[in-house]
Amino acid sequence: MTRKARLITDKDKTISVIDDRLYGSFIEHLGRAVYDGIYEPGHPCADEDGFRTDVIGLVKDLNVPVVRYPGGNFVSNYFWEDGVGPKENRKKRLDLAWSTTEPNEVGISEFVKWAKKADTSVMMAVNLGTRGTADALNLLEYCNLDTDSYYANLRREHGDEKPFGFKLWCMGNEMDGHWQVGHKTAYEYGRLAAETAKAMKMMDDSIECVACGSANIDQPTFATWEKEVLEQAYEYVDYISLHQYFDKKDGTTEDFFASIDNLDEFINTIASICDDVKKAKNSDKTVYLSFDEWNCWYHTIAQDDERMKNDPWGLAPHLLEDDYTFEDAVVNGLALIKFINHSDRVKIACLAQLVNVIAPIRTEKEGPAWKQTIYYPYEHASKYGRGTALRAQIITDTHNTVKHGEVTDVEAAVVLSKDEDLLTVFAVNRNVNEDIELEVELNGFEGFTAASWQALESDDMLLTNDAGNERVKPADKTEIIFGNGVLKATLKSSSWNVIVLRKAA
Ligand code: AHR
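Residues numbered from 1 in each chain as written. Predicted model: local features only at pLDDT ≥ 70, side-chain atom pairs only at ≥ 80, totals over all residues. Heavy atoms only, no water.

**Some points on the overall build of the chain**
- Counting its regular elements, the chain contains 11 helices and 26 strands.
- In terms of overall dimensions, the chain is globule-like: its C-alpha atoms have a radius of gyration of 23 Å, near the 23 Å expected for 505 residues.
- Counting only C-alpha atoms, the chain reaches 70 × 60 × 50 Å along its principal axes.
- Here the chain holds 505 residues, and 60% of them are scored as buried.
- Here the chain has roughly 19,300 Å² of accessible surface; of this, 47% comes from carbon and sulfur atoms.
- Each charge class in the chain was averaged separately, 55 positive and 85 negative side chains, and the resulting centres sit 3 Å apart. (Helix = DSSP H or I, 4+ residues; strand = E, 2+ residues; numbered from the N terminus. Rg over C-alpha atoms; globule rule 2.2 N^0.38 Å. Buried < 20%, exposed > 50% of the residue type's maximum accessible area, 1.4 Å probe, protein only. Areas by Shrake-Rupley, 256 points an atom, 1.4 Å probe, with all protein chains shown as cover. Lys, Arg positive; Asp, Glu negative; His and termini not counted. Charge placed at Lys NZ, Arg CZ, Asp CG, Glu CD.)

Dropping the structure here:
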């Protein structure tokens, strides 16, 4: 007998208006993200600034609202002044985070140009590893002020008359991590983040600041770090960051799919710490969550460690170039479902990263740019996941996994578009053995009719794409039955599904 799942959705039962920045991404000066990624002068597709237009095209198709820059671990010893002004004067520097040489050919001004071409905005990070408040203020003045003062004038001298107007600022990166240059205790970091955010807002009160949370849920100081940091910095910051990379850890596909349920606990724990500190401080302000690094990352870690150890200080080496599999794409789809269902608290999320480095887009030097498997769930969510998240009440069977016990067969999220004319059901069947007949009960959606269903399906969990060979890509499905407010579709085992209903004109 076919297994069944029932999804009940009601127009009046909403979670939250989704912040568009839930579909952000990240570009770090790391490996071939910038050099030979977005920037390759001399490439047949390069424009007058050296940016690859084929890459820009793929980024535009993803409709990325915000890109975090320039790191990552890189930012904790970054001297932004090295990357501004005439290119011939720019210094080459050693990047300790990734054991490479940073040529500084691309700096803030170039990245802003690229972001404009790619129709996105910049989420800027300051160096709180080896630098501090004074440097963050200089950078803010250079980027955002229209005053007659040293750094604003320097920007004009460098050819950027108008300020860049960055609205979102990260107060450093993963400062709890022992690997971070300038790693700090929670108290040391909390005080520094508080004073830096406070001073930056004295200079430009239109900005929002993100404090560093833990580098991942397994950090020894997880949760105590967030509590201490927020006790010090609550009044001055608007978001706290969450980072998590998903790793198959030599487990089964079922366990890999099940592991994403940890995100619920992760998000709920950090949200409740924010609210405890809010109560203790008797504050009116709510601190929201910025999940500003997430993705699968595990294929290349061992070989990258070897390379950094045995062959350091290269220019744009191949680092973190994970070849993503079909199952990685399904895992990312599950994560996006979690973010939508927590969109009342998670306002920003950045797929880490965007090009070449653990990325949905890959480039060949002097060759084509192509889409990895994980491109598609991200594209679908960015396209159809804007508007209002509705409660997705799911009644589903469970299946057993080795490490995670019983988990649900189907995970789903439902989004009503901003114009209220499209209703999208994102659903993953994470049962690896059985297809599931999904019934969606739609309450309050009279006049809507099934419009499209796209699915990522494969029997080979380890299938990958490469240049010119897109083995994993969405298929258009037609077998939807719709009537009397109920939609029926059979979701293949291990599949990512995007079912769109449209309101008749
Ligand atoms: O995204 C790759 C790295 O992962 C980032 O530099 C760091 O913040 C995280 O540990």
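**Digging into the nonpolar core**
- With 140 residues, the main nonpolar core has Ile38, Trp114, Trp169, Met171, Tyr189, Phe291 and Leu354 as its most contacted residues.
- Looking at this core element by element, the count peaks at 10 residues for helix H10 (residues 326-341).
- A domain split of this core shows at least three residues from each of domain 1 (3-12 + 388-503) and domain 2 (19-384).
- Formed by 24 residues, the second largest nonpolar core is a distinct cluster that contains Val440, Ala455, Ile480 and Leu501. (Core = buried A, V, L, I, M, F, W, Y, C linked by side-chain atoms within 4.5 Å. Domains from an automatic or database assignment.)

**A few points about the pairing of strand S18 (residues 405-408)**
- Sheet topology places strand S17 (residues 398-401) next to S18; 4 bridges connect them, and they run antiparallel. Considered in S18, the bridge of His399 is made with Val407.
- Hairpin connection, S17 to S18: the antiparallel pair is bridged by 3 residues. (Pairing = 2+ DSSP bridges.)

**Topic: helix H4 (residues 150-157)**
- Three or more residues of H4 are buried, namely Tyr151, Ala152, Leu154, Arg155 and Arg156.
- On its buried side, H4 packs onto helix H3 (133-144).
- Two residues or fewer past H4, Gly159 is found with a positive phi of approximately 100°. (Contact = heavy atoms within 4.5 Å.)

**A closer look at the site of the ligand**
- In the neighbourhood of the ligand, the contacting residues comprise Phe26, Glu28, Gly72, Asn73, Trp98, Asn173, Glu174, Tyr245, Glu293, Trp297, Gln353 and Ile358.
- The backbone of Asn73 places a nitrogen or oxygen atom 2.9 Å from an oxygen atom of the ligand.
- Taking Asn173, its side chain carries an N or O atom lying 2.9 Å from an oxygen atom of the ligand.
- Grouping the constituent residues of the shell around the ligand by class yields 5 nonpolar, 4 polar and 3 charged. (Near = heavy atom within 4 Å. Polar contact = N/O pair within 3.5 Å; in protein donor to acceptor, adjacent residues only side chain to side chain. Nonpolar A, V, L, I, M, F, W, Y, C, P; charged D, E, K, R; others polar.)

**Looking at unusual backbone geometry**
- The omega torsion across Tyr69 and Pro70 is 0°, close enough to zero to call that bond cis.
- With respect to the helices and strands, the residue Pro70 is situated in the loop between strand S4 (66-69) and strand S5 (93-95).
- A cis geometry characterises the amide bond from Gly71 onward to Gly72, with omega recorded as 15°.
- If you trace the backbone, Gly72 turns up in the loop between S4 and S5.
- A positive phi angle, near 50°, is found at Asn63, a position not held by glycine.

**With respect to the packing of aromatic side chains**
- Tallied over the entire structure, the rule returns 22 aromatic pairs.
- Members of the aromatic cluster, joined through ring pairs, are Trp80, Tyr142, Tyr150, Tyr151, Phe164, Phe166 and Trp169.
- Over the ring of Phe26 we find Arg68; its NZ or CZ atom is 4.7 Å from the centre of that ring.
- Directly above the aromatic system of Trp453 lies the positively charged group of Lys477, at a separation of 5.0 Å from the ring centroid. (Phe/Tyr/Trp six-rings, centres within 6.5 Å; stacked < 30°, edge-to-face > 60°. Lys NZ or Arg CZ within 6 Å of the ring centre and 35° of its normal.)

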